[in-house]
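Survey of secondary and tertiary structure
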Amino acid sequence: MARIGNIELGTPLLLAPMAGVTNPPFRQLCREFADAGRKAAGVAQVQNSPTSGIRYAPSGLYTCEMITTRALVEENAETLHMVQPDPHDPVPSVQLYGVNPAITAAAVKMLIRRGYAAHIDLNFGCPVPKVTKKGGGSALPWKQDLFAEITEAAVKAAAAAGAETGQEVPVTAKIRLGIDAEHETFRRAAQIAAAAGILALTLHARTMEEHYSGHAHWEMIKELQAESTIPVFGNGDIFSAGDALEMQKMTGCAGVVVGRGCQGRPWFFFDLAAALHGSAARMRPSLREVAGIIYRHAELSVEYFQNEGRAVREMRKHMAWYLRGFSVGGSARAQLGLVSSLADLKQKLQDLDLDQSYPEAAEGKRGRAGRARTPHLPERWLESHYLSPEQRKKIQEAELNISGG
């Protein structure tokens, strides 16, 4: 059990936003599997009470893909579609990316007034060069004045919009360790965030330079949890239920945040929820069962996009992840990566050797890893923790040419 403001997490578990992956269909699958994991662990369901003021998230939080504040405020059609709440989610959660305090505040108010979010997370952890070279993402906390301005603006906006609507909406933030080993930001960022009224932090225990390479430094999560006045959620290298339990045991974190580990296996949330409630139950689906999950994912995608062609094209990226470890020939994999309709998908799945049990090779690390990368930063960025007039002028460019998600 964990608490973020008025949100009570019945399971201390969060799905990390991933661009192009964690849209409503995938989030729904993950949450449903987590619900089943709780049930397998014998945990009773608790319903939200409209009079208590508490929002209950029985299986954790399942956060929308990262949304660019400018695109939201400008009412970009694709962005507005992305933030539409899953009607089955008891606590809709949205992650915002922005570099302008006023635009961030406007985006927060918009989400709350329109009922799009009951929880808002601010992203200061993105290590992608096209973001950081303009001062956004994980580069931003180095500039302590701007970091303070954005977090304060978001919290005040949430309070104002919450007062209007009668809904308390907590604001949290995601950060990394820093730029590199010599330029740490997480400790001071945590202090600034807490002072601004941020109610919890997620720490991805890598630097920008490390990107997704090597091993996450869980010991830093432990240090921050011990020092912080607000809850700290741990992120990085959760690829099994055992990893989640070990992170909690080692760090004392308030909960675990899972990203790459669930790609192509939404049933991972069954394992995580069961484990976090003390159960040894685990899900190991056969290829026939995985094929059924793939098809249901596709059906939910058609419902979400209201366009079968687009929905099935979006599914293509998931195929290799779903089929990892199974004996599926290269030709069949290639054909599944080219499906064009639900009927086509169904037929190609039926053509597989579906009587395969879950392979051990399906376990282990997933998603991008790669190598450490030289940090891409604006000119003279590391000379001071405060923006120069020229940097303040240029920082606004960090929101341009970033997709709505």
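Everything below is about the structure shown above.
Below, the structure is looked at part by part. For clarity, every value in this text was computed on a predicted model and none was experimentally measured. (Residues numbered from 1 in each chain as written. Predicted model: local features only at pLDDT ≥ 70, side-chain atom pairs only at ≥ 80, totals over all residues. Heavy atoms only, no water.)

1. Quick word on the overall build of the protein chain
Secondary structure summary: the protein chain contains 15 helices and 14 strands in total. Computed over its C-alpha atoms, the radius of gyration of the protein chain comes to 21 Å, within 12% of the 22 Å expected for a compact globule of 405 residues. Overall size of the protein chain, expressed as C-alpha extent along the three principal axes, is 65 × 45 × 40 Å. Within the protein chain, buried positions represent 57% of all 405 residues. (Helix = DSSP H or I, 4+ residues; strand = E, 2+ residues; numbered from the N terminus. Rg over C-alpha atoms; globule rule 2.2 N^0.38 Å. Buried < 20%, exposed > 50% of the residue type's maximum accessible area, 1.4 Å probe, protein only.)

2. Brief notes about the nonpolar core
The tendency in soluble globular proteins is for nonpolar side chains to be buried as a group. L96 and F269 are the most contacted members of the largest nonpolar core, which totals 114 residues. Ranked by the residues each element gives to this core, the list is headed by helix α11 (residues 287-305), at 11 residues. Grouped together as the second largest cluster of nonpolar side chains are 14 residues, I7, V91, A118 and A254 included. (Core = buried A, V, L, I, M, F, W, Y, C linked by side-chain atoms within 4.5 Å.)

3. Quick notes on the pairing of strand β7 (residues 93-97)
Within a regular beta strand, the side chains point alternately toward one face of the sheet and then the other, so they alternate between its two faces. Of all 5 residues making up β7, 5 are buried, and the element is well covered by its neighbours. Neither face of β7 is open: one carries S93, Q95 and Y97, the other V94 and L96, and all of them are buried. Of the strand pairs in this sheet, strand β6 (residues 67-68) and β7 are connected by 2 bridges, and their pairing is parallel. When the sheet's bridge partners are listed, I67 is paired in β7 with L96. Alignment of β7 against strand β8 (residues 119-124), held across 4 bridges, turns out to be parallel. Paired with Q95 across the strands is D121, a residue of β8. On the question of chirality, the crossover connecting β7 to the parallel β8 by way of helix α4 (residues 101-113) is right-handed. (Pairing = 2+ DSSP bridges. Right-handed = clockwise from strand over helix to strand, strands pointing away.)

4. Some points on the sheet that holds strand β4 (residues 55-57)
Spatially, the 3 strands line up as an open sheet ordered β1-β2-β4, and their pairing is mixed. Every other strand in the sheet has two partners, leaving β1 (2-4) and β4 as the edge strands with one partner each. Neighbour-to-neighbour, the strand axes of the sheet open up by a mean angle of 20°, direction not taken into account. Looking at chain direction, strand β2 (residues 7-9) and β4 are connected through 3 bridges and run parallel. Paired with L9 across the strands is A57, a residue of β4. (Axes fitted to C-alpha atoms, helices over the stretch in contact; angles between N-to-C directions.)

5. Some thoughts on helix α8 (residues 218-227)
Turning to α8, its buried residues are W218, I221 and L224. End-on view of α8: buried residues confined to an arc of 115°, all on one side of the axis. Summarising the contacts, the buried residues of α8 are in contact with α7 (186-196), β12 (201-204), β13 (232-235) and α9 (241-251). (Arc of directions from axis to C-beta. Contact = heavy atoms within 4.5 Å.)

6. A few points about the sheet that holds β12
Taken together, 9 strands build an open sheet; the order of strands is β5-β3-β14-β13-β12-β9-β8-β7-β6 and the sheet is parallel. Of all the strands in the sheet, just β5 (61-62) and β6 have a single pairing partner and so form its edges. In the sheet, β13 pairs with strand β14 (residues 255-258) via 3 bridges, with the strands oriented parallel. The partner of N235 across the bridge, within β14, is V257. Lying on the sheet, helix α6 (residues 144-165) is in contact with β8 and β9 (171-176); it crosses β8 at an angle near 170°.

7. Observations regarding the pattern of salt bridges
Taken as a whole, this structure holds 21 salt bridges when the rule is applied. R31 is paired through a salt bridge with D86; the nearest N and O atoms lie 3.0 Å apart. Taken together, the positions of R31 in helix α1 (residues 24-40) and D86 in the loop between α3 (77-82) and β7 put the pair 55 residues apart, joining distant regions of the chain. Residue R31 is classed as buried on the basis of its relative accessible area of 6%. In this structure, R392 and E149 form a salt bridge, with 3.2 Å as the shortest nitrogen-oxygen distance. Of this pair, R392 sits in helix α15 (residues 389-394) while E149 sits in helix α6, and the two are 243 residues apart along the sequence. Of the residues examined, E149 reaches a relative accessible area of 29% and is grouped as partly exposed. (Salt bridge = Lys/Arg side-chain N within 4 Å of Asp/Glu carboxyl O.)

8. Things to note about the side chain of Q356
Inspection of the secondary structure puts Q356 in the loop between α14 (342-350) and α15. Given a relative accessible area of 13%, Q356 falls into the buried group.

9. Points about the packing of aromatic side chains
A full pass over the atoms with the stated rule returns 6 aromatic pairs. Aromatic side chains W267 and Y322 sit 6.2 Å apart centroid to centroid with 35° between the ring planes, which places their arrangement in the tilted category. Placement of the pair is W267 in the loop between β14 and α10 (268-276) and Y322 in helix α12 (residues 308-322), with a sequence separation of 55 residues. When its relative accessible area of 1% is taken as the criterion, Y322 is described as buried. (Phe/Tyr/Trp six-rings, centres within 6.5 Å; stacked < 30°, edge-to-face > 60°.)

10. Re α1
In an α-helix, one turn spans 3.6 residues, which is why side chains three or four residues apart end up on the same side. Compared with an ideal rise of 1.5 Å per residue, which puts 17 residues at 24 Å, α1 spans 24 Å between its outermost C-alpha atoms and is within 8% of the ideal. Burial analysis of α1 places 12 of its 17 residues in the buried class, the great majority of the element. In the core, the buried residues of α1 are packed alongside β3 (13-15), β4, β5, α10, α11 and α12. Remark: G42 follows α1 within two positions and exhibits a positive phi of approximately 80°. (Expected span 1.5 Å × (residues − 1).)

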